[in-house]
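Structural overview
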Amino acid sequence: MFDLLIPPLIRLTTQVGSMIMSLYKSELDIKIKLDETPLTIADKNAHELIIEALSKLTPNTPIFSEESEIIEFSERSKWHEYWLIDPLDGTRDFLEQTGEFCICIAYIKQHRPIFGMIYAPLSKTHYYTTDVNKAFKQQEDVIQPLNVHTNHHPLKIVIGHCSSHNEQLQNHLGECGTYKVSQLGSALKFCTIAEGRYDYYPRFGPCSEWDTAAGVCILQGAGGSVVSQDGKPLSYNTKDDLTSPIFFASNKS
Ligand SMILES: Nc1ncnc2c1ncn2[C@@H]1O[C@H](COP(=O)(O)O)[C@@H](OP(=O)(O)O)[C@H]1O
Ligand SMILES: [Mg+2]
């Protein structure tokens, strides 16, 4: 199913990415949401374009986006399969003009992501999985398989920009031996492990199911994994609350 959907999804995300780039570095009104993250016209337009296109591609599949109206768990719990979207992940980085933002599209089945696509509009790079759960990177029509790297020495760790003061993270890093840490915005962190550029991404700060689903699937396809503190894979659409737990994304399967 996804092998057939990949070409239209690449066209869609490229188009949405162009719209996002047309607003990059311009002065935008910023609304602060309840979770204290910013919202702009770029997030809203991206949401609308993606919902419109996905509704045509798979008319019978529910779609849930970071910018959707709240859908109560009593309703969502009836879904066995659905699209889970972050139309613009890394809005803060988009506004701060770091280039570290992306579009995330995941397909969830029985509480697990079975397809993921991430598009980085600035570098015009797609990352996606296929029907046989392999992961690929596509840039200017060059397609390369994604494979994690064995641990670098020192260990190459990637974290979010807002994470450096997180006490739990600092304690955890203290147990990581010799490492070099870099900061990067958005779900592109998962892609950098899938590409073999980094080894490990521990996340203690808040984030939501739409922030992780596509990245988890891509990293798994590249031979890595994402687990919560109990060592189990992350589950989706199992509760009222949409926040993701503390997790550890790594180059280990
Ligand atoms: N206080 C908070 N509560 C919930 N999610 C938060 C948050 N602060 C940041 N996030 C999530 O973290 C994402 C950014 O990740 P990172 O810090 O790794 O760059 C944001 O994505 P959006 O930009 O799509 O809102 C947002 O969903
Ligand atoms: Mg996000």
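Calculation notes
- Residues numbered from 1 in each chain as written.
- Chains lettered and ligands numbered in written order.
- Predicted model: local features only at pLDDT ≥ 70, side-chain atom pairs only at ≥ 80, totals over all residues.
- Heavy atoms only, no water.
- Disulfide = S-S within 2.5 Å.
- UniProt positions renumbered as here; feature names shortened; annotations may be inferred.
- Helix = DSSP H or I, 4+ residues; strand = E, 2+ residues; numbered from the N terminus.
- Contact = heavy atoms within 4.5 Å.
- Buried < 20%, exposed > 50% of the residue type's maximum accessible area, 1.4 Å probe, protein only.
- Phe/Tyr/Trp six-rings, centres within 6.5 Å; stacked < 30°, edge-to-face > 60°.
- Lys NZ or Arg CZ within 6 Å of the ring centre and 35° of its normal.
- Polar contact = N/O pair within 3.5 Å; in protein donor to acceptor, adjacent residues only side chain to side chain.
- Near = heavy atom within 4 Å.
- Nonpolar A, V, L, I, M, F, W, Y, C, P; charged D, E, K, R; others polar.
- Domains from an automatic or database assignment.
- Donors = N, O, S within 2.8 Å, 3.2 Å for Na, K, Ca; no water.
- Salt bridge = Lys/Arg side-chain N within 4 Å of Asp/Glu carboxyl O.

The subject of this paragraph is the state of the cysteines. Counted by the stated rule, this structure contains 0 disulfides. Cys 104 carries a free sulfur, and the closest cysteine sulfur to it, the one in Cys 102, is 3.9 Å from it. Looking at Cys 207, it has no disulfide partner, and the nearest cysteine sulfur is the one in Cys 104, 11 Å off.

UniProt's feature table lists "binding site: Mg(2+) 1" (unreviewed entry) at Glu 66, Asp 86, Leu 88, Asp 89 and Asp 211, given in the numbering used throughout. Taking the farthest pair of C-alpha atoms as the criterion, the annotated set spanning 146 residues converges on one region, since that pair is 9.7 Å apart. Relative to the assigned elements, Leu 88 resides in strand 4 (residues 81–89). Ignoring any residue separated from it by four or fewer positions in sequence, one finds Leu 88 in contact with Ile 20, Ala 42, Asp 43, Phe 94, Phe 101 and Cys 102. Mapped onto the elements, Asp 89 comes out in strand 4. For Asp 89, a relative accessible area of 7% puts it in the buried group. Setting aside residues up to four positions removed in sequence, Asp 89 forms contacts with Phe 101, Cys 102, Cys 104, Ser 186, Ala 187 and Asp 211.

For the rest of this paragraph, the subject is the packing of aromatic side chains. The tally for this structure, following the rule as stated, stands at 16 aromatic pairs. With a centroid separation of 6.4 Å and an interplanar angle of 90 degrees, the aromatic rings of Trp 83 and Phe 115 are classed as edge-to-face. In this pair, Trp 83 sits in strand 4 while Phe 115 sits in strand 6 (residues 112–120), placing the two residues 32 residues apart along the sequence. Just as Trp 83 is buried, Phe 115 falls in that class too. What links up through ring pairs into an aromatic cluster is the set Phe 2, Trp 83, Tyr 107 and Phe 115. Positioned above the aromatic ring of Phe 64, the side-chain terminus of Arg 76 is 5.6 Å from the ring centre.

Position of Glu 100 relative to the elements: it lies in the loop between helix 4 (91–96) and strand 5 (102–109). Within the local environment of Glu 100, its side chain forms a polar contact with the side chain of His 161, the two groups lying 2.5 Å apart. Within the local environment of Glu 100, its side chain forms a polar contact with the backbone nitrogen of Gly 185, the two atoms lying 2.9 Å apart. The contacts of Glu 100, once residues within four sequence positions are left out, are Gly 90, Asp 93, His 161, Leu 184, Gly 185, Ser 186 and Leu 188.

On to the UniProt feature "binding site: substrate" (unreviewed entry) in the chain, then. Per the UniProt entry, the sites bearing "binding site: substrate" (unreviewed entry) are Glu 66, Leu 88, Asp 89, Gly 90, Thr 91 and Asp 211 in this numbering. Excluding residues that lie within four positions of it along the chain, Gly 90 makes contacts with Glu 100, Phe 101 and Ser 186.

Let's shift gears to the site of ligand 1. Taken together, 15 residues lie near ligand 1, and Gly 90, Ser 186, Lys 189, Arg 203 and Asp 211 sit nearest. Here an oxygen atom of ligand 1 and a side-chain polar atom of Asp 89 are 3.1 Å apart. Here an oxygen atom of ligand 1 sits 2.5 Å away from a polar atom, N or O, in the side chain of Arg 203. Ranked by the residues each element gives to the shell around ligand 1, the list is headed by strand 4, at 3 residues. Of the residues that constitute the shell around ligand 1, the class distribution is 3 nonpolar, 5 polar and 7 charged. No fewer than three residues from each of domain 1 (2–145) and domain 2 (155–250) sit in the shell around ligand 1.

Every protein donor of the magnesium ion (ligand 2) is accounted for by Asp 86 (OD), Asp 89 (OD) and Asp 211 (OD), and the metal-donor separations fall at 1.9 to 2.2 Å. The class of Asp 211 is buried, set by a relative accessible area of 17%.

The next point concerns the pattern of salt bridges. For the structure on display, the rule yields 8 salt bridges. For Glu 75, the salt bridge identified is with Lys 78, shortest N-O distance 3.3 Å. Owing to a relative accessible area of 37%, Glu 75 belongs among the partly exposed residues under this scheme. Classification of Lys 78 by relative accessible area gives exposed; the value is 57%. Among the salt bridges present, the one from Lys 239 reaches Glu 209, with a minimum N-O distance of 3.7 Å. Linking Lys 239 in the loop between strand 13 (225–228) and strand 14 (247–250) with Glu 209 in helix 7 (residues 209–221), this pair joins segments that are 30 residues apart in sequence. Each of Lys 33, Glu 66 and Glu 67 takes part in a single network of salt bridges with overlapping partners.

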